[in-house]
Amino acid sequence: MSVDLQTVKRVAHLARIAVSEEDAERMTGELNAILGFVEQLNEVDVSGVEPMTSVTPMEMKKRRDVVTEGGKAADIVANAPATEENFFLVPKVVE
Amino acid sequence: MSDLTQLTISQARTKLRGKEITATEITEAYLSAIDRANPALNAYVAVTGDKARDMAKASDARLVKGEGGALEGIPLGIKDLFGTEGVHTQACSHVLDGFKPRYESTVTSNLWADGAVMLGKLNMDEFAMGSSNETSYYGPVINPWRRSRVDTVVMPTTHQGDGGFVSSGGIRTARSLDNAQLVPGGSSGGSATAVSAFLCAGATATDTGGSIRQPAAFTGTVGIKPTYGRCSRWGIVAFASSLDQAGPIARDVRDAAILLKSMASVDPKDTTSVDRPVPDYEAVIGKPIKGMKVGIPREYRVDGMPEEIEALWQKGIAWLKDAGAEIVDISLPHTKYALPAYYIVAPAEASSNLARYDGVRYGLRVPGKDIVDMYEKTRAAGFGREVKRRIMIGTYVLSAGYYDAYYLQAQKVRNLIKRDFETVFASGVDVILTPATPSAAFGVADEDMAADPVKMYLNDIFTVTVNMAGLPGIAVPAGLDAKGLPLGLQLIGRPFDEETLFQTAAVIEQAAGTFQPEKWW
């Protein structure tokens with residue numbers, strides 16, 4: 001399988017990365033080189049093989065559903081580019 | 001000891017405990033070495049001198065009272081991927097500009113609890129994506145190793161009086177260092193260079209497809225990627241969560257064992273951290289390997305592999321045989337599919353993990369006409385080329401209609417790769433010996449690799465299988481090539497059997513010796 005310029009632009013939008021016409025053209029070539037390389041996986045017989053879900057056989061750790069920490073609003077917003085009264089500020093999303 | 005930076009961790013530990021030296025003295029020695037070398041090597045992206053001095057002072061107070069921890073007063077460098085409270089943590093990406101976390105990663109917390117001193121944050125490939133440390137926003141790291149050139153010199157006949165020598169003339173060869181700059185490998189290139197060039201006693205690193213072992217091999221240092229689940233991933237910037245593991249890069253096998261013992265822990269904050277006590281890895285160093293079964297996988301003999309790598313591998317086999325190990329030929333039939341499967345699984349996980357860099361919660365924000373435009377402009381400006389490439393591949397292979405063909409197929413192949421290893425270990429093989437990399441360090445801005453991303457990816461051909469199967473792997477220096485550059489061997493072990501790796505690596509180290517670059521910086 002290979003990608004064309006339109007697909008690259010669509011994927012870039014899905015990934016929320018702005019691309020110029022020139023970027024998209026360069027990426028088309030690079031992505032096709034990588035997709036060409038991974039193509040060889042199709043020759044592997046995987047009938048009856050389960051997809052891997054966990055590399056170490058272990059049960060997912062669980063903890064009790066209780067509040068263990070909190071009250072850190074100031075820490076959480078400390079690194080944000082724009083905040084007001086412990087809220088993240090973003091451009092208007094609702095008219 | 002005139003230069004305290006030359007001490008290994010185990011040597012420094014003895015001298016610190018014996019009060020022959022102080023933590024402050026050794027810390028100052030490293031800080032001035034960094035000051036002199038960093039403009040040439042670019043290993044550190046942030047030096048935390050004040051913090052280092054405070055930590056060293058506190059260590060000295062504990063040492064005086066005989067209360068020191070396992071790493072008391074030992075100055076370490078920390079890869080920029082580890083969250084360090086109030087200190088530069090940017091995964092060497094522009095998108096994390098100015099990020100100073102309000103928390104400390106579990107691995108670094110463990111090191112500080114054992115008394116280690118932080119010298120600063122180490123350069124790396126952006127978000128740990130790269131095999132040459134050239135994708136860093138902070139510029140490439142330079143390998144302290146350089147190729148040496150053999151010059152033929154015609155010697156004139158000279159006579160020197162006053163007890164001087166008499167040379168009869170003739171032809172002589174002389175080695176001199178080539179000026180070409182080499183990469184230290186990646187993604188933990190800053191860690192490898194800093195350890196190799198004596199800019200820290202040891203360093204933390206991480207390995208998703210070979211990022212500890214390949215740079216260790218390129219710099220003549222020892223690097224171990226432990227079993228998935230051995231070191232907590234909490235507080236480490238995520239790349240591919242099912243593959244990422246932290247581990248140390250050190251000057252010798254013993255130092256790597258000392259560091260891993262402190263880094264590893266059982267952590268309730270990481271659901272994949274395994275509930276197993278951490279053994280005393282250092283205790284196995286020096287134990288005989290007589291009767292150990294060492295597997296040699298035929299699939300690791302790849303086309304176009306330089307003869308020197310094959311020769312090094314044979315040397316390794318001979319050393320282990322001499323030490324009483326039994327050598328057996330083994331087959332890991334799905335080896336060649338590990339790298340292509342990795343380039344689906346890792347980008348898929350990365351595209352999801354890196355979705356959080358949106359200009360809202362931390363780091364860079366580039367304004368836009370609406371919120372989507374702001375996201376797209378921020379991510380376009382904040383991520384470098386390699387990172388964008390991988391996010392794009394990941395987004396594509398996970399997108400509607402392609403998920404089964406790519407991601408599901410890759411996860412099935414991954415199970416087959418893991419089964420190959422399980423079969424071999426079930427047949428009684430204790431450890432597997434392979435080359436660490438298909439070549440020695442290459443040049444900065446290598447044109448072939450820049451033109452074709454897949455060429456760069458091939459660096460990880462021998463290491464990536466280990467991440468896909470979640471196994472432990474260690475790279476240990478085993479010799480120099482004809483141009484005087486270090487080459488490494490890799491040992492792969494059973495899950496959570498890091499002890500066998502240290503035990504066997506120590507035998508290789510005993511035979512091969514340790515390697516230091518000639519100082520030019």
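Worth saying up front: this structure is predicted, and the values here are computed from it rather than measured. Residue numbers here run from 1 along each chain, matching the order of that chain's written sequence. Lettering for chains starts from A, numbering for ligands starts from 1, and both go in the order in which the items are written. Two thresholds apply to this predicted model, a pLDDT of at least 70 for residue-level local features and 80 or more for giving and counting side-chain atom pairs, whereas whole-chain, interface and lining totals are computed over all residues. Side-chain numbers here rest on the full set of heavy atoms in the structure, without hydrogens or water.

Asker: So what's going on with the domain arrangement of chain B? Residues and values would help.
Answerer: Here the domain parsing of chain B yields domain 1 (4-143 + 184-281) and domain 2 (148-177). Computed over C-alpha atoms, the centres of domain 1 of chain B and domain 2 of chain B are 44 Å apart. Residue ranges labeled as domains rest on an automatic or database domain assignment.

Asker: Can you tell me about a nonpolar patch on the surface, naming the residues and giving the values?
Answerer: Patch rule: a residue counts if its relative accessible area is over 30% and it has no salt bridge; like charges are joined within 9 Å, and nonpolar side chains (Val, Leu, Ile, Met, Phe, Trp, Tyr) within 5 Å. Only the protein chains shown count as covering a residue, and every accessible area follows the Shrake-Rupley method with a 1.4 Å probe. Put simply, a salt bridge is a Lys or Arg side-chain nitrogen that is within 4 Å of an Asp or Glu carboxyl oxygen. On the surface, Val90(A), Val93(A) and Val94(A) cluster together to form a nonpolar patch covering roughly 270 Å² of accessible area. Along the polypeptide, Val93(A) turns up in the segment after β2 (87-88). Numbering of helices and strands starts at the N terminus; helices are DSSP runs of H or I of at least 4 residues and strands are runs of E of at least 2.

Asker: Go over the side chain of Thr500(B) with me, naming the residues and quoting the values.
Answerer: Topologically, Thr500(B) is positioned in helix α16 (residues 498-512). On the basis of relative accessible area, Thr500(B) is assigned to the buried category, the value being 11%. Under the scheme applied here, a residue whose accessible area is under 20% of the maximum for its type counts as buried, over 50% as exposed, and between as partly exposed, the area being computed with a 1.4 Å probe on protein chains only.

Asker: Give me the sheet that holds strand β1 (residues 44-47) of chain B: which residues, what numbers.
Answerer: All names here are of chain B. Strand order in the open sheet made by the 11 strands is β1-β3-β2-β8-β10-β9-β14-β15-β13-β11-β12, with mixed pairing throughout. Edge positions in the sheet fall to β1 and β12 (326-330), since each has one partner strand and no second. Strand-to-strand twist across the sheet, computed as the mean angle between neighbouring axes with direction ignored, equals 30°. One bridge is not enough; two strands pair if DSSP finds at least two bridges between them. Two strands pair when backbone bridges link them, and strand β2 (residues 75-79) and strand β3 (residues 117-122) are joined in this way by 5 bridges, in the parallel orientation. Paired with leucine 76 across the bridge in β3 is methionine 118. By definition, residues are in contact when any of their heavy atoms lie within 4.5 Å. The axes are straight lines fitted to the C-alpha atoms, using for helices just the contacting stretch, and the angles between their N-to-C directions are given from 0 to 180°. Here helix α7 (residues 253-263) sits on the sheet in contact with β2, β8 (202-207), β9 (222-225), β10 (245-250) and β14 (473-480), set at roughly 145° to β10.

Asker: Tell me what's going on with the interface of chain A and chain B, and back it up with residues and numbers.
Answerer: Each partner contributes to the interface: chain A provides 50 residues, whereas chain B provides 70 residues. In this assembly, chain A packs against chain B so that about 5300 Å² is buried in total across both faces, 70% of it on carbon and sulfur atoms. Our count for the contact surface shared by chain A and chain B stands at 4 salt bridges. Where Arg389(B) meets Glu30(A), a salt bridge forms, and the shortest distance between an N and an O atom there is 3.0 Å. For the purposes of these results, a polar contact is taken to be a pair of N or O atoms within 3.5 Å, where, inside protein, one atom must be able to donate a hydrogen and its partner to accept one; residues adjacent in sequence count only when each atom of the pair is a side-chain atom. For the interface between chain A and chain B, the tally reads 17 residue pairs in polar contact (both at pLDDT 80 or more). Looking at the side of chain A that touches chain B, the elements that each hand over two or more residues are α1 (5-14) and α2 (21-38) of chain A. Of all the elements, α2(A) adds the most residues to the side of chain A that touches chain B, at 9 residues. A 1.4 Å probe defines the accessible area here, and the buried area is the portion of it lost by two parts on being joined, summed over both.

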